[in-house]
Amino acid sequence: MAELDETTRKLTIKLVYYGPAMSGKTTNLMRLHDLLSPDLKGEIMTLETQNDRTLFFDLLPLGFRTPSGWLVKFKLYTVPGQVVHDATRKAVLSRADGVVFVADSQRSQGINNSESFQNLEDNARRVGLDFGTLPIVVQFNKRDLPDVLPEEEIRGRWSAAPWPLVMASALTGAGVRETFVKLLETVYPVLDRSFSLSEEHGISAKAFIDAVTGESLENPR
Amino acid sequence: MKTHAKGYDSTLSLRELLSGISPDRLSAALTVLLGAPARVVSANGAWVMGNAPPLAENAKRLPLTHDLETAGHLETAAADEARARAAANLLELFMQSGARYFMASEMHIEVVKADYEELQRRHAALMESEARYKALAENLEMRVKEQVNTIESARRQLYQAEKLASVGQLAAGVAHEINNPIGFIRSNLGTAQSYVQKFQSVAGQVKSSGNAALATAWQTADLDFVLADFPSLLQESVDGADRVARIVSDLKGFSSIDQAEEEIVDLNDCIRSACNVATNQINSRADLKLALGELPPLRCKAGHLSQVFLNLLLNAAQAMKERGEIRIQSGIENGQIVIRFSDTGCGIPPEVLPRIFDPFFTTQDVGSGSGLGLTVSRDIITAHGGNIEVESEVGTGTTFTIYLPVNKP
């Protein structure tokens, strides 16, 4: 759940990049750091890695100020993908406002993807998130690699699922921003209902997304 | 000092961010680097690092940003802008490092706690499972015994049923085979009796004929005695043949137990035939006294009821420690048929009495009784809409009372 601090006039939103080990969650965050230019952008904080594998989590803070003077802060987390770090994944997932599931498109990773997605569902239930209403975007990453599942096949398999699908190649940056925007689009209505973003703070969905991605200059307030 | 209950993603104050750094050494280092006094103030101005005095009005005030927000300020009297900025950057790096340490340790604590709780949960589950196995092991012997008893009972029941069936079959066959010869034996004996009478009628003439040789031969063969004894011999044989015929017909009654067809009978006849069948076992142990009152004809499964009577009779005979008396009484009481089997046997102990109708409960040695006799008896009586009661006193005897409803006209 997003945190609203009346005294410091601050809204903190937590978004989590979930997925199997080595699917490119941290790379997504690094590309976002490069691609986005919001009012406020922090450095990526990487907590403890081992051979390039995330052990705890990575954190990228982003933010902007509303016309009403409020600070809207985004905290983008990655979870450690390795199976053994389930307790950490659970802790990072708790109170999330939205989730990007980063799947590995390689043919060999099908089982890892589905196990990780099942794990996401289980952990969401354990930390008290309603999986049915939790905003989720599914990203199929590593499209640049040779032996990947064809896009039509992926879309066919996921056609019954309610979540948006984005094809991406985080290493080159393709689809990374699109994934993030899709997530913001699904998160906004939930936040708007809870915190009256458009009524009280004058932020429309477009303004909201533009502000986080850094296109606010083209969108005069 | 920082508190450890905040969670890894909580907002940190400047004091928390710099908690790992000695304030005195930091201010001293800052002062040297900047070439002027410096102090670090939190966002609300409340906390001052070191003991630097308030600075002059014209002091520089640089924001210290952490996590997109201004966590505090670096105040310094230093004139060099670049140095002041560098010092602020340095402090921000310290803050970042502090945040990193804080988040890592909080996450570590959370994970360790979660893992520990999971371990405890599994431990509890293991303990429970161990206790279950322990209990199972302790009960195993008892349960095996129970199972063995159940199997043994089932085996005995099966054996009993098969025995009854084969005995019935044998009895039916024997009865059928004996019926014919006994029929013509009986008939021939009757004819023989009339022949003897004819001999007797001519005996006087033979003796008074005056033929000396004939009289001597008559005398020598002792035909007077023969003619006098012959009718009683034949009469005894007729009685014996009749008895055989009766036993055969009783046997047929019992062998038809499986054919559970209803027929209209006088229950007193069933009682009598049960007594006939059991005569051997009873005569050696007890005197049988019948006090059979008049009973209305009853539509019932006569073979089944005969089996009940036989069971009760045999039980009574077996209850005799020394020669005693078995009394069977029948009659109508309160509009229903009542039949009582009383014996003067050893009686049934009170602790056993409630169990005697239980399936497979037996006080006899394994093999000699199935433990089913009374169970089956009660089932049969219940099937006829009646009930069976027992009274007993150890050393005095036992009375089984059967109540059966009279058929509605």
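All values reported here derive from a predicted model rather than from experimental measurement.

Reading the values: the criteria
Residues numbered from 1 in each chain as written. Chains lettered and ligands numbered in written order. Predicted model: local features only at pLDDT ≥ 70, side-chain atom pairs only at ≥ 80, totals over all residues. Helix = DSSP H or I, 4+ residues; strand = E, 2+ residues; numbered from the N terminus. Buried ≥ 20, exposed ≤ 12 C-beta atoms within 10 Å, placed from the backbone. Contact = placed C-beta atoms within 7 Å. Core = buried A, V, L, I, M, F, W, Y, C linked by C-beta atoms within 7 Å. Pairing = 2+ DSSP bridges. Axes fitted to C-alpha atoms, helices over the stretch in contact; angles between N-to-C directions. Nonpolar A, V, L, I, M, F, W, Y, C, P; charged D, E, K, R; others polar.

Asker: Where do I start with the overall build of chain A in this structure?
Answerer: When its secondary structure is counted, chain A shows seven helices and nine strands. Within chain A, buried positions represent 44% of all 221 residues. When contacts within chain A are restricted to residue pairs at least 6 apart in sequence, long-range pairs at least 24 apart make up 70% of them.

Asker: Explain the nonpolar core here, please?
Answerer: Across soluble globular proteins, nonpolar side chains have a tendency to be buried as a group. Counting 60 residues, the largest nonpolar core has V16, Y18, L76, F101 and F208 of chain A as the members making the most contacts within it. Here this core takes seven residues from helix α5 (residues 176-195) of chain A, the largest share from any one element. The residues touching L76 of chain A, leaving out its near neighbours within four places in the chain, are L15, Y17, L29, L32, L60 and L62 of chain A. L298, L310, I339 and L404 of chain B belong to the second-largest nonpolar core, a separate cluster that totals 30 residues.

Asker: Would you explain the sheet that holds strand β10 (residues 397-405) of chain B in this entry?
Answerer: Backbone hydrogen bonds are what pair the strands of a sheet, in a parallel or an antiparallel way. Residues and elements named next belong to chain B. Read across the open sheet, the five strands follow the order β5-β7-β8-β10-β9; overall the sheet is mixed. With partners counted over all chains shown, the strands left at the sheet margins are β5 (286-292) and β9 (387-393), one partner each. Strand-to-strand twist of the sheet, defined as the mean angle between neighbouring strand axes without regard to direction, takes the value 15°. In the sheet, β9 pairs with β10 via seven bridges, with the strands oriented antiparallel. Looking at the pairing, S392 lines up with T398 of β10. Contacts between helix α7 (residues 302-318) and the sheet are confined to β5, β7 (324-333), β8 (336-343) and β10, with β8 contributing the most and set at about 20° to the helix.

Asker: Just checking my understanding: could you explain the interface of chain B and chain A for this structure?
Answerer: Tallying the contact residues gives 11 residues for chain B and 14 residues for chain A. Of the residues assigned to the side of chain B that touches chain A, the class counts are six nonpolar, no polar and five charged.

Asker: Help me out: how do you make sense of the sheet that holds strand β1 (residues 38-42) of chain B in this one?
Answerer: All names here are of chain B. Pairing is antiparallel in the open sheet, where three strands are placed in the order β1-β3-β2. With partners counted over all chains shown, the strands left at the sheet margins are β1 and β2 (60-66), one partner each. Within the sheet, the average angular offset between the axes of one strand and its neighbour, ignoring direction, is 25°. Against the sheet, helix α2 (residues 23-34) contacts β1 and β3 (69-76), and its axis sits at roughly 125° relative to β1.

Asker: Explain the pairing of strand β2 (residues 10-18) of chain A here, please?
Answerer: When a strand is regular, its side chains alternate between the sheet's two faces. Residue and element names in this part refer to chain A. When you tally the buried positions in β2, you get eight out of nine residues, the bulk of the element. Bridging between strand β1 (residues 3-5) and β2 involves three bridges; their strand directions are antiparallel. Within β2, the position partnered with D5 by the bridge is K10. With antiparallel pairing between neighbouring strands as the criterion, β1 and β2 make up a hairpin whose turn holds four residues, including R9 at a positive phi of roughly 50°. In the sheet, β2 pairs with strand β6 (residues 71-78) via eight bridges, with the strands oriented parallel. Within the sheet, the bridge partner assigned to K10 lies in β6 and is L71. In this sheet, strand β7 (residues 98-104) lies alongside β2 in parallel orientation, the contact comprising four bridges. Bridging across to β7, L15 finds its partner in G98.

Just distances and angles here, no functional claims.
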